[in-house]
Amino acid sequence: MMKASLNFGVTPVEIKEVVYQAVAYLGIGRVFDFLHATNDVLTEKGIPLPLEGQAIATTENRLEMGIQAQVDIFGSQMAEFYKSGPEESRHINQWLADNCFGDYYTRKGLDYKMREMITFCFLSAQGGCEPQLASHAAANMRIGNDKQFLIKIISQCLPYIGYPRSLNALRCVNEAADRIAENK
């Protein structure tokens, strides 16, 4: 599939960014072999590695940049989310802001619309992530990936993720669209 995507104009940077984005949603244990396979295919295609770095956040500003990314994507209610939750688990919300959003979403190579679409695919494929899937469906719609677009994404993913997960994703899209319509 990666070789075909290169033939249809997907850039090596975009491919690597999809793989890197997967780490935040699927975990390094599930992504590590794909990172190696990606490098193997790019090398086979004569693409010199490493590619130009895409990171713009630093250790010093990744929390601030991650919070801003969350606000840009989900809305102003996310400005203080990293501080929320019980004391013993609050660090996870901070990691979400500085690692997931600060380290990954702020990278060059893909814009927010593409990253949210990819995140929607990762969460749909996993199953069992419906609360997050509904939030990311709403975020997709908020930044311009409308309901019809998400239905097209589900339709494209269906042969790979099956009907149960596709139907769950569709339910999350419909719920998110209904919530958005209620708040207008």
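Residues numbered from 1 in each chain as written. Predicted model: local features only at pLDDT ≥ 70, side-chain atom pairs only at ≥ 80, totals over all residues. Heavy atoms only, no water.

Caption draft 1: Geometry of helix H6 (residues 112-126). With 15 residues, H6 ought to run about 21 Å at 1.5 Å a step, and its terminal C-alpha atoms sit 21 Å apart, in line with that. Within H6, 11 of the 15 residues are buried, leaving the element largely enclosed by the surrounding structure. Within the sequence span of H6, burial applies to Arg115, Glu116, Met117, Ile118, Thr119, Phe120, Cys121, Phe122, Leu123, Ser124 and Gln126. Where H6 is buried, its residues meet helix H2 (12-26), helix H3 (28-44), helix H4 (62-74), helix H5 (90-105), helix H7 (130-142) and helix H8 (147-182). A side-chain oxygen of the first residue of H6 lies 3.3 Å from the backbone nitrogen of Lys113; this N-cap is Asp111. (Helix = DSSP H or I, 4+ residues; strand = E, 2+ residues; numbered from the N terminus. Expected span 1.5 Å × (residues − 1). Buried < 20%, exposed > 50% of the residue type's maximum accessible area, 1.4 Å probe, protein only. Contact = heavy atoms within 4.5 Å. Polar contact = N/O pair within 3.5 Å; in protein donor to acceptor, adjacent residues only side chain to side chain.)

Caption draft 2: Main features of the packing of H2 against H6. Put simply, H2 and H6 touch, their axes get as near as 10 Å, and they point 50 degrees apart. By the criterion of interaxial angle, the relationship of H2 to H6 is oblique. Crossing handedness for the pair H2 and H6: right-handed. Across the interface between the two elements, Glu17, Val18, Gln21, Ala22, Tyr25 and Leu26 from H2 touch Arg115, Ile118, Thr119, Phe122, Leu123 and Gln126 from H6. (Axes fitted to C-alpha atoms, helices over the stretch in contact; angles between N-to-C directions. Parallel < 35°, antiparallel > 145°, perpendicular 65-115°, else oblique. Left-handed = near helix turned anticlockwise from the far one by under 90°.)

Caption draft 3: The layout of surface pockets, seen in detail. A volume near 1400 Å³ is recorded for the largest pocket. Elements with a minimum of two residues in the lining of the largest pocket: helix H1 (2-7), H2, H3, H6 and H8. Examining the composition of the lining of the largest pocket, we find that 7 residues originate from one element, H6, more than from any other. The residue inventory of the lining of the largest pocket, partitioned by class, reads 24 nonpolar, 4 polar and 2 charged. Taken as a whole, the second largest pocket holds about 580 Å³ of empty space. Mapped by element, the contributors of at least two residues to the lining of the second largest pocket are H2, H4, H5, H7 and H8. (1 Å grid on protein atoms, 1.4 Å probe; cavity = no way out; pocket = protein on both sides within 12 Å on 5 of 7 lines; lining within 4 Å. Points joined across faces, edges and corners; volume = space filled by probe spheres on them. Nonpolar A, V, L, I, M, F, W, Y, C, P; charged D, E, K, R; others polar.)

Caption draft 4: Quick look at the side chain of Ser166. Note on placement: Ser166 falls in helix H8. With sequence-adjacent residues up to four places away left out, Ser166 is seen in contact with Ile154, Leu158 and Ile161.

Caption draft 5: Representation of H8 in the model. Under the 1.5 Å per step criterion, the end-to-end length of H8 is only 15 Å for 36 residues, more than 12% shorter than the ideal 52 Å. Those residues of H8 lying buried are Leu150, Ile153, Ile154, Cys157, Ile161, Ser166, Ala169, Cys172, Val173, Ala176 and Ala177. Packing partners of the buried residues in H8 comprise H6 and H7.

Caption draft 6: Here's a closer look at the packing of aromatic side chains. The tally for this structure, following the rule as stated, stands at 2 aromatic pairs. When the centroid spacing of 5.9 Å and the interplanar angle of 80 degrees are considered together, the rings of Phe74 and Phe101 count as edge-to-face. Of this pair, Phe74 sits in helix H4 while Phe101 sits in helix H5, and the two are 27 residues apart along the sequence. Accessibility expressed as a relative area gives 2% for Phe101, which makes it buried. Arranged with centres 4.3 Å apart and planes meeting at 25 degrees, the rings of Phe101 and Tyr105 form a pair that is stacked. Of the two residues, Phe101 and Tyr105 are both situated in helix H5; the distance of 4 residues between them amounts to about one turn of the helix. In this structure Tyr105 comes out as buried when scored by relative accessible area, which is 2%. One aromatic cluster in this structure is built from Phe74, Phe101 and Tyr105. (Phe/Tyr/Trp six-rings, centres within 6.5 Å; stacked < 30°, edge-to-face > 60°.)

Everything listed here is a matter of geometry and, on its own, says nothing about what the molecule does.
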